[in-house]
Amino acid sequence: MTTEGRTFRLRLLALLAVLALAVAACGGGDGDAEDDATDSADTAAAGDDAADDAAGDDDAATDDGGDGEPVEIEWWHIQNADPGMSDWQAMADQYMEDNPNVTITINVMENEAFKAAIQTNLQAGDIPDIFQSWGGGVLRQQVEAGAVRDISDLTADWIGDLNPAAVELHQIDGAQYGVPYNAGVVGIWYNQDLFEEAGLDAPADTWEGLLEQVQTLKDAGITPIAVGAGDKWPAHFWYSYLMIRAGGGEAMEEIAETQDFTADHVITAGELVGELVALEPFQEGFLGAPWDAPDGEAGVMAQEGAAMDLMGQWAPGTFRSQLGVTPEEGLPWNIGWAPFPSVEGGAGSATEALGGVDGFAVGADAPDEAVDFLRFITNTENQEIWAQNTGLPVNPEAFDAVEDEAMQDVLAGLQEATFMQLFLDQFFSPEVGAEINDQTALLFAGEVTPEEAAEAITAVAGG
């Protein structure tokens, strides 16, 4: 195992230890306790004094009352749906009120648009002060290019308040270059009403069983699965999970070391993708469908056009956004979550997961106040808002704010995980990640064989 692989496993163990406490602390939830975006904004404003207490006396930006020189912060994020989008805005507004010398300009983008724009800006040297980051190989390349700032000293007094495993995923060679705000695992979100209509209870815990359910749903006139293969990365979740189930964590770590994707478990994963595609389980036009659009994966699920969706913990919020409903109103159908099924004969277990951490990197020329703002949005009060409305926090003090039943299931999935594989298109370099996504799309289109896909990825990786 490489040093990187061993480090990642240690980070996972730390994450699981904290999440185990989180699940115990959450208790039972009624699934209806989420606040809407307006309530979130009010909470952020009302929490002024508490947030200042959480800041600590060492916060120069707050202590000087905002009387310093004018500071401008450019913040790029991908939370383009409410309540998360409004929550981020409310937090920025509150910070600017507390620090009148600071102006925060927010640029909200859809995921794919962000990836394209940030690459262009980085190459041009026009780097936002704060921008979305998933860590991994992409962050390492940004560090090597001198595009991001080492914020180790500026975060030293408070970064320990956050989950250490999540924090370390935004470190390169021990130095801190970003701050996490969200953690999660990919699983199968499903429409319980459509499952009941087809005479099913929940997604099967085996691959063969899931394929049988696909046929059962089709026989009932229900589209089994929504996927946004046009954006490629949503489809890559299927390919990646099948690699994990076929080979297990050790095999995935071996690929990280050798960069050779022609291994047997990768070929098997491609073959299993082919089995699924052959059943024609997806919505019409899936090969060109994006993730977040009315005719995309999220829109189809939201409008009850499919029964299942393999996606991260952000999915329910995007479903609600597609329908224009608040968390308090909720979806017009009952939603459930299940872990990815096991593969018969595979070396991987059902407790080995695909997931990751969302965070923000700090641009090379960003002011100190940009880092202090990241401290602010990850304090207990603001992480509780995040937990109530959008995702899973990385501040342990906010874990008990996760009241949604389905989100508690995701937390349980994390707690039970024995291995965590970071999203492959983020774990590897941007070039390799892009090739994985490209070959996934071709597998879904039936245009390459599993062997051809594996060889193409290996050629880019240099394995």
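The structure reproduced in this document is the subject of the present report. (Residues numbered from 1 in each chain as written. Predicted model: local features only at pLDDT ≥ 70, side-chain atom pairs only at ≥ 80, totals over all residues. Heavy atoms only, no water.)

A negative phi holds for most residues other than glycine; trans holds for most peptide bonds. With omega at 10 degrees, the peptide bond leading from Asp82 into Pro83 counts as cis. Although it is not a glycine, Lys232 adopts a positive phi angle of roughly 70 degrees. Mapped onto the elements, Lys232 comes out in the loop between α11 (207-219) and α12 (233-258). For Lys232, a relative accessible area of 30% puts it in the partly exposed group. (Helix = DSSP H or I, 4+ residues; strand = E, 2+ residues; numbered from the N terminus. Buried < 20%, exposed > 50% of the residue type's maximum accessible area, 1.4 Å probe, protein only.)

Attention now goes to the nonpolar core. Counting residues in hydrophobic clusters, the biggest one holds 86 residues, and the most contacted among them are Trp207, Trp238 and Phe319. Of the residues forming this core, the biggest block, 11 residues, is contributed by α12. With residues near it in sequence (within four places) discarded, Phe319 still touches Trp189, Trp291, Ala298, Met301, Ala302, Asp309, Leu331, Trp333 and Ile335. Ranked by size, the runner-up nonpolar core spans 33 residues in total, among them Ile104, Leu162, Phe373 and Phe376. (Core = buried A, V, L, I, M, F, W, Y, C linked by side-chain atoms within 4.5 Å. Contact = heavy atoms within 4.5 Å.)

Before going further, it helps to spend a moment on the environment of Glu69. Inspection of the secondary structure puts Glu69 in the loop between α4 (60-63) and β1 (71-77). Judged by relative accessible area, which is 66%, Glu69 ranks as exposed. Considering only alpha carbons, one finds Glu69 and Pro100, 31 residues apart in sequence, at a separation of 10.0 Å.

Relative orientation of the contacting elements α12 and helix α13 (residues 264-278) amounts to 170 degrees, with a least axis distance of 7 Å. Viewed along their axes, α12 and α13 adopt a mutual orientation that is roughly antiparallel. Contact residues: α12 offers Trp238, Tyr239, Leu242, Met243, Ala246, Gly247, Ala251, Met252 and Ile255, while α13 offers His265, Val266, Thr268, Ala269, Gly270, Leu272, Val273 and Leu276. (Axes fitted to C-alpha atoms, helices over the stretch in contact; angles between N-to-C directions. Parallel < 35°, antiparallel > 145°, perpendicular 65-115°, else oblique.)

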